[in-house]
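# Residue-level structural notes
For reference, the chains in residue letters:
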Amino acid sequence: IIEEWLAQFDLELKPSKTRIAHTLNEHEGQKPGFNFLGFNIRQYPVGKYQSGKNTHGEKLGFKTIIKPSDDKVKQHYQNLADSIKTHNAAPQTALINRLNPVIRGWANYYRTVCSQKTYSKLDDLLFKRLRRWAKRRHPNKSKTWIVRKYWHTDGLRNWAFGDKTMNLMEHSKTPIARHIKVQNTRSPYDGETIYWASRMGKHPEVNDSVAKLLKKQEGKCTQCGLHFQPGDILETDHITPKKAGGRNKRDNLQVLHNYCHDEKTKYDLEMIKKYKSEKSGTHTSLIREEPDEVKVSSPVLKTSQRGDSLA
């Protein structure tokens, strides 16, 4: 059927790259699932609480899981091992500069699928390889001396390979960010600039800084929490006002509705006033309550635990 359909466009399947595979069960002696663009796509039998559902809401009894393919994992690790081998006599910083871009790029490519276990496995293998690299450089030193020289504590990370200037990246530190499907009613040519800028972080009709902020905020206004809609007037705002010590940096910027911006300005004025008073060293004095002068009777005090009463 596929060959007949492709023939209409003068296209044909390449036999050497084409096979029929079952994604759930073994088929003709072949393992279930298939590899595509470095990903392994397969379905696994699961219980009713983890089962996927069809379009009618019926449970299927299996779940589709996409992971990095075994061949690509082995190839990536071999690439790291070769880099370590070629840097046997190089400084530690040179080795880190060589490995970090490779780790960052590979981990970012697979961050949209189920890769956490693979990341942890690669980190463990890489640690053992680096331990051998360090031991080879100092065969007459103790393990404690080697660890103190090449590993240190960085925040909550106790085994950071590096020094005070830079550390080796870890695969497992790359956050998993699931791919969000494009809505079936959307098109790049439909004029929905806010939707595409929020999704892509760039748009030819939207300022680059605004588009990046929209992607960071997932297309929502941080003041009211509602999604931006076509026709909304957007304004860039400083989270901490510049007059209150805020910087003109991206981490201090946000996009708001124009009316949300007006509402936030009220609080900004109070923040600026407080900042200026603290900077000048003047503080508002606390108002002390004066004792009763007009009342004839004095205030009644609470009875103490010893039984002494004052009235």
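Everything here concerns the structure above.
Residues numbered from 1 in each chain as written. Predicted model: local features only at pLDDT ≥ 70, side-chain atom pairs only at ≥ 80, totals over all residues. Heavy atoms only, no water.

## As for the pattern of salt bridges
Oppositely charged side chains can form a pair if their charged atoms are brought close together. Stated precisely, the cut-off is as follows: When a carboxyl oxygen of Asp or Glu is within 4 Å of a side-chain nitrogen of Lys or Arg, the pair counts as a salt bridge. The helix count covers DSSP runs of H or I at least four residues long, the strand count covers runs of E at least two residues long, and both are numbered beginning at the N terminus.
Taken as a whole and judged by the stated rule, the model has six salt bridges. The salt bridge partner of aspartate 237 is lysine 264, with a shortest N-O separation of 3.0 Å. Taken together, the residues aspartate 237 in strand S6 (residues 234-238) and lysine 264 in helix H8 (residues 258-280) connect sequence positions 27 residues apart.

## As for the side chain of serine 51
Quick reminder of the rule: Polar contact is defined as a pair of N or O atoms within 3.5 Å, subject to the rule that within protein one atom must be able to donate a hydrogen and the other to accept it, and that residues adjacent in sequence are counted only when both atoms are side-chain atoms. Here a residue-residue contact requires only that any non-hydrogen atoms of the pair lie within 4.5 Å.
With respect to the helices and strands, the residue serine 51 is situated in the loop between strand S2 (39-45) and strand S3 (62-68). Among the polar contacts made by the side chain of serine 51, one reaches the main-chain amide nitrogen of leucine 60 at a distance of 3.1 Å. When residues no more than four places from it in sequence are discounted, the contact partners of serine 51 are Val46, Lys59, Leu60, Gly61 and Phe62.

## A few points about helix H4 (residues 116-137)
We apply this condition: A helix is expected to reach a length of 1.5 Å times the quantity of its residues less one. Each residue is assigned to one of three classes by its accessible area relative to the maximum for its type, calculated with a 1.4 Å probe on protein chains only: buried under 20%, partly exposed between the two thresholds, exposed over 50%. The directions from the helix axis to the C-beta atoms form the arc being described.
Here H4 contains 22 residues, and its C-alpha end-to-end distance of 32 Å stays within 8% of the 32 Å for a straight helix at 1.5 Å per residue. Residues of H4 that are buried: Thr118, Tyr119, Leu122, Asp123, Leu126, Leu130, Trp133 and Ala134. Buried residues of H4, seen end-on, are gathered within an arc of 130 degrees and therefore sit on one face of the element. Residues of H4 that are exposed and point over 90 degrees away from its buried face: Lys117 and Lys121.

## Describing unusual backbone geometry
We note that aspartate 10 has phi near 60 degrees; this positive angle belongs to a residue other than glycine. Relative to the assigned elements, aspartate 10 resides in the loop between helix H1 (2-7) and strand S1 (34-36). Relative accessible area serves as the criterion here: at 73%, aspartate 10 is assigned to the exposed category.

## Quick look at the sheet that holds S2
Within a beta sheet, neighbouring strands are joined by backbone hydrogen bonds and run either parallel or antiparallel to one another. What counts, and what does not: When DSSP finds two or more bridges between two strands, those strands count as paired. Lines are fitted to the C-alpha atoms to define the axes, a helix being fitted only along its stretch in contact, and any angle between axes, read from their N-to-C directions, falls within 0 to 180 degrees.
In space, the three strands of this open sheet follow the order S1-S2-S3, with antiparallel pairing throughout. Two strands bound the open sheet, and with one partner strand each, they are S1 and S3. Across this sheet, the average inter-strand angle for adjacent strands is 30 degrees, counted without regard to direction. In the sheet, S1 pairs with S2 via three bridges, with the strands oriented antiparallel. Residue pairing for S2: asparagine 35 is matched across the bridge by asparagine 40.

## What to know about the pairing of strand S4 (residues 151-154)
Pairing of S4 with strand S5 (residues 157-161), which is carried by three bridges, proceeds in the antiparallel orientation. Bridge pairing links histidine 152 to alanine 160 in S5.

## A look at the packing of helix H6 (residues 193-200) against helix H7 (residues 208-216)
Note the cut-off: The labels follow the angle: roughly parallel below 35 degrees, roughly antiparallel above 145, roughly perpendicular from 65 to 115, and oblique for the rest. Amino acid classes used here: Ala, Val, Leu, Ile, Met, Phe, Trp, Tyr, Cys and Pro are nonpolar; Asp, Glu, Lys and Arg are charged; the rest, including Gly, are polar.
The contact between H6 and H7 brings their axes to 6 Å, and the two run at 75 degrees. Relative to H7, the element H6 is oriented roughly perpendicular. Two secondary-structure elements touch here, H6 through Ala197, Ser198, Arg199 and Met200 and H7 through Ala211, Leu214 and Lys215. Along the lines of polarity and charge, the residues of the contact of H6 with H7 split into four nonpolar, one polar and two charged.

## Looking at the nonpolar core
Quick note on the threshold: Buried residues of nine kinds, namely Ala, Val, Leu, Ile, Met, Phe, Trp, Tyr and Cys, make up a nonpolar core once their side-chain atoms join them within 4.5 Å.
In this structure, Leu99, Leu130, Phe161 and Leu168 are the most contacted members of the largest nonpolar core, which totals 16 residues. Mapped by element, the contributors of at least two residues to this core are helix H2 (70-86), helix H3 (92-109), H4 and helix H5 (143-150). The element contributing the most residues to this core is H3, with five residues. Residues contacting leucine 130, with those up to four places away along its chain left out, are Ile84, Leu95, Leu99, Trp151, Phe161 and Leu168. In this structure, Ile194, Ala211, Phe228 and Val255 belong to the second largest nonpolar core, which totals 13 residues.

Coordinates in, geometry out; function isn't part of it.
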